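Here's the letter readout for the chains.
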Amino acid sequence: MRGLLVVALVACRGDAPPAAPPAGQTIKVAVIGGMIETGFWQALAERYQTARGNRIEVVASGPKQVVVEAFRKGGIDLITVHACDAMINLVADGLARDPEPWARNDLVIVGQGADPAGIRGERDAVAAIGRIVAARAPLLVHASLGADGVLHDLLEAGHIALDPTATVMFIDESQHRVLERAAQLSAYTMIGRIPWVTGKLKASGVELMVRGDPRLRRPFLVEVSSSASLAAHDLAAYLRSTETQQWIAMFKRGTFDDQPLFFPVSTL
C-alpha cells in the first residue's frame, strides 16, 4: 500500500522520469572552417552520432562571415564560430538562442628570426608584448581570429601603451595576407596556432616566438536556432558535457606540439 501511495503522490505532483535524449533525427549545422579542416568536427560528430543515434549534417562551413550568413538564411539548427558580435547579434535578432562557450583555440606570436625584442621562447604573452614595445620593434595589429581583441586584453593586463611609430594597423582578416605583410615589414604579429603548426601558414623568415599562454586563447560559442529541435539542444549540451570536454583536452595532443589542437572550457 505504501508503494502505491508514493506512486499516486508522484503522479499528482506531475513529476516524471527524465525524458530520453531524442534519437533518429537529422541536425543541420553551420561550423567554422577550422574545425572541419583539422578533422576535429568530424571526429566529434561521429562520437555524438554513435552515442545518441542522431545524424549531423554540415550545411555550411568556412570563414565566420560565410557561416553566420548561411545561418541567417534559415534552415540550420545549430551554429558554432568564435565568440563575436555577429554571434550575439543572432541572439539579439531573435534568430538564435542559448549562446554557450564550449571550446577554445589559441594564437601565437611570430616574428622575424632576428628577434630584436628577444622574446623567442617566452611563455608570458604580456611580458612579450611589453618587450616588443620597449624595443620599438614593428608590431602588426589586425583583426583575424580576433587578434586585435586579444592584444587589447594583453595591453590592459600589462598597462602597456603601444608606440604609434612602431605599430602598423592592417585592415584585413586573411591570415595569409597578415603573415605576408608581417614578413614584408619584419614585424611581430599574432596568428592562429593551428594553421601555424599544421603548416597551413608559413612565410619566409617568420618564426614562432611565443606560445602557450592561456591569455592567447579565444572561445567558440554554440547556439541553436530559435526553432531548433530537441535533438539540436541535445547536441549543444553534448558539446559542453564532461565527456566531450575531456575528449577535447586530448584531441591530437602531441601530434604537432605538446598541446591539444583545441582546448576545453569550464562548464561549472
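Counting from 1, residues in each chain are numbered in the order their sequence is written. Given that this is a predicted model, residues contribute local features only at a pLDDT of at least 70 and side-chain atom pairs are listed and counted only at 80 or more, while totals for whole chains, interfaces and linings are drawn from all residues. Excluding hydrogens and water, the side-chain values take into account all heavy atoms of the structure.

1. Here we look at helix H3 (residues 40-52)
Residue pairs spaced three or four apart in an α-helix point in one direction, given the helix's 3.6 residues per turn.
Turning to step 1, where the next piece is worked out: Here H3 is 13 residues long and its end C-alpha atoms lie 18 Å apart, about the 18 Å a rise of 1.5 Å per residue gives.
Turning to step 2, where the next piece is worked out: Only protein chains enter the accessibility calculation, which uses a 1.4 Å probe; a residue is then buried when its area is under 20% of its type maximum, exposed when over 50%, and partly exposed in between. Each helix is a run of H or I in the DSSP string that is no shorter than four residues. Each strand is a run of E no shorter than two, and both are numbered from the N terminus. Of the positions making up H3, those classed as buried are Phe 40, Trp 41, Leu 44, Ala 45 and Tyr 48. With its buried residues spanning 115 degrees around the axis, H3 presents them on a single face. Relative to its buried face, H3 has exposed residues pointing more than 90 degrees away, namely Glu 46 and Thr 50.
Turning to step 3, where the next piece is worked out: Remark: Gly 53 follows H3 within two positions and exhibits a positive phi of approximately 80 degrees. Between the first and last residue of a helix there are one fewer steps than residues, each counted as 1.5 Å, and that sum is the expected span. The arc under discussion is defined with respect to the helix axis, by the directions toward the C-beta atoms.

2. A short note on the side chain of Asn 54
Turning to step 1, where the next piece is worked out: As for its placement among the helices and strands, Asn 54 is situated in the loop between H3 and strand E2 (55-62).
Turning to step 2, where the next piece is worked out: For Asn 54, a relative accessible area of 2% gives the class buried.
Turning to step 3, where the next piece is worked out: At 2.9 Å, the side chain of Asn 54 and the backbone nitrogen of Gln 25 are in polar contact.
Turning to step 4, where the next piece is worked out: For the purposes of these results, a polar contact is taken to be a pair of N or O atoms within 3.5 Å, where, inside protein, one atom must be able to donate a hydrogen and its partner to accept one; residues adjacent in sequence count only when each atom of the pair is a side-chain atom. Looking at Asn 54, its side chain comes within polar contact range of the side chain of Tyr 48, at 3.0 Å.
Turning to step 5, where the next piece is worked out: Once you skip the residues sitting within four places of it in the chain, Asn 54 turns out to touch Pro 22, Ala 23, Gly 24, Gln 25, Ile 27, Tyr 48, Gln 49, Ala 231 and Asp 234. In what follows, residue pairs with any heavy atoms lying within 4.5 Å of each other are defined as contacts.

3. Quick word on the packing of aromatic side chains
Turning to step 1, where the next piece is worked out: Working definition: rings of Phe, Tyr and Trp (its six-membered ring) pair if their centres are within 6.5 Å, and the pair is stacked with planes under 30 degrees apart, edge-to-face with planes over 60 apart, and tilted otherwise. Under the defined criterion, the tally for this structure stands at eight aromatic pairs.
Turning to step 2, where the next piece is worked out: An angle of 55 degrees between the planes, with centres 5.9 Å apart, marks the rings of Phe 220 and Phe 262 as tilted. Here Phe 262 lies in the segment after helix H11 (242-248) and Phe 220 lies in strand E9 (residues 217-225), a separation of 42 residues in the sequence. When sorted by exposure, Phe 220 lands in the same class as Phe 262, which is buried.
Turning to step 3, where the next piece is worked out: Site record: aromatic cluster; members linked through ring pairs are Phe 40, Trp 41, Trp 102, Phe 220, Trp 247, Phe 251 and Phe 262.
Turning to step 4, where the next piece is worked out: For a ring to carry a charge above it, either NZ of a lysine or CZ of an arginine must fall within 6 Å of the ring centroid while also lying within 35 degrees of the normal to the ring plane. A cation sits over an aromatic face here: Lys 202 above Trp 196, 4.0 Å from the ring centre.
Turning to step 5, where the next piece is worked out: Over the ring of Phe 263 we find Arg 217; its NZ or CZ atom is 3.8 Å from the centre of that ring.

4. Some details on the side chain of Asp 213
Turning to step 1, where the next piece is worked out: Locating Asp 213 in the fold gives a position in the loop between strand E8 (206-210) and E9.
Turning to step 2, where the next piece is worked out: Of note is the side chain of Asp 213, whose polar atom sits 2.9 Å from the backbone nitrogen of Arg 215.
Turning to step 3, where the next piece is worked out: Sequence-distant contacts of Asp 213, defined by excluding residues within four places in its chain, comprise Arg 123, Asp 124, Ala 125 and Val 126.

5. Examining the pattern of salt bridges
Turning to step 1, where the next piece is worked out: Basic side-chain nitrogens of Lys or Arg form a salt bridge, by our definition, when they fall within 4 Å of a carboxyl oxygen of Asp or Glu. By the definition in use, this model includes 17 salt bridges.
Turning to step 2, where the next piece is worked out: The shortest N-O distance in the salt bridge between Glu 37 and Lys 200 comes to 2.8 Å. A residue pair is termed long-range when its members are at least 10 positions apart, and Glu 37 in helix H2 (residues 33-37) and Lys 200 in the loop between helix H9 (193-197) and E8 qualify at 163 residues.
Turning to step 3, where the next piece is worked out: Note on Lys 200: relative accessible area 44%, which makes it partly exposed.
Turning to step 4, where the next piece is worked out: Between Arg 120 and Glu 207 there is a salt bridge, and its shortest N-O distance comes to 2.8 Å. Remark: Glu 207 occurs in strand E8 and Arg 120 occurs in the loop between strand E4 (96-112) and helix H6 (125-134); sequence separation between them is 87 residues.
Turning to step 5, where the next piece is worked out: Within this structure, Asp 106, Arg 193 and Asp 257 form a network of salt bridges that share partners.

6. Here's the deal with the packing of H3 against helix H10 (residues 230-239)
Turning to step 1, where the next piece is worked out: Helix axes use the C-alpha atoms of the stretch in contact, all axes being lines fitted to C-alpha atoms, and the angles between their N-to-C directions lie in the range 0 to 180 degrees. Interhelical geometry of H3 versus H10 gives an angle of 120 degrees and a closest axis separation of 11 Å. Classified by the angle their axes make, H3 and H10 are oblique. In the crossing of H3 with H10, the sense of the turn from one axis to the other is right-handed. Taking contact as the criterion, the partners of Trp 41, Leu 44, Arg 47, Tyr 48, Ala 51 and Arg 52 in H3 are, on H10, Ala 231, Asp 234, Leu 235, Tyr 238 and Leu 239.
Turning to step 2, where the next piece is worked out: Any residue outside Ala, Val, Leu, Ile, Met, Phe, Trp, Tyr, Cys, Pro, Asp, Glu, Lys and Arg is labelled polar, Gly included; the first ten of those are nonpolar and the last four are charged. For the contact of H3 with H10, the per-class residue count stands at eight nonpolar, no polar and three charged. If an angle is under 35 degrees, it is roughly parallel; if it is over 145, roughly antiparallel; if it lies from 65 to 115, roughly perpendicular; otherwise it is oblique. Two helices cross in a left-handed way if the nearer one is turned anticlockwise from the farther one by less than a right angle. They cross in a right-handed way if the turn is clockwise.

7. With respect to the confidence of the model for the protein chain
Turning to step 1, where the next piece is worked out: Each residue carries a pLDDT score, the predictor's own confidence in it, on a scale running from 0 to 100. Looking at the protein chain as a whole, its pLDDT mean stands at 92, while 92% of the residues score no less than 70.
Turning to step 2, where the next piece is worked out: The secondary structure element of the protein chain with the lowest average pLDDT is helix H1 (residues 2-13), at 39, and the one with the highest is H6, at 98.
Turning to step 3, where the next piece is worked out: Contacts from residues 1-18, a stretch scored under 50 in pLDDT, to residues over four places away or in other chains number one contact.

8. What to know about the environment of Ala 51
Turning to step 1, where the next piece is worked out: Mapping Ala 51 onto the fold places it in helix H3.
Turning to step 2, where the next piece is worked out: Distance in space between the C-alpha atoms of Ala 51 and Ala 23 is 9.7 Å, their sequence separation being 28 residues.

9. A look at the nonpolar core
Turning to step 1, where the next piece is worked out: Take the buried residues of types Ala, Val, Leu, Ile, Met, Phe, Trp, Tyr and Cys, join any two whose side-chain atoms come within 4.5 Å, and each joined set is a nonpolar core. Met 35, Phe 40, Trp 41, Ile 79 and Trp 102 are the most contacted members of the largest nonpolar core, which totals 44 residues.
Turning to step 2, where the next piece is worked out: Of all the elements, H10 adds the most residues to this core, at six residues.
Turning to step 3, where the next piece is worked out: Residues contacting Phe 40, with those up to four places away along its chain left out, are Met 35, Trp 102, Trp 247, Ile 248, Phe 251 and Phe 262.
Turning to step 4, where the next piece is worked out: Core analysis: the second largest hydrophobic core is formed by 24 residues, Ala 125, Val 133, Met 190 and Met 209 among them.

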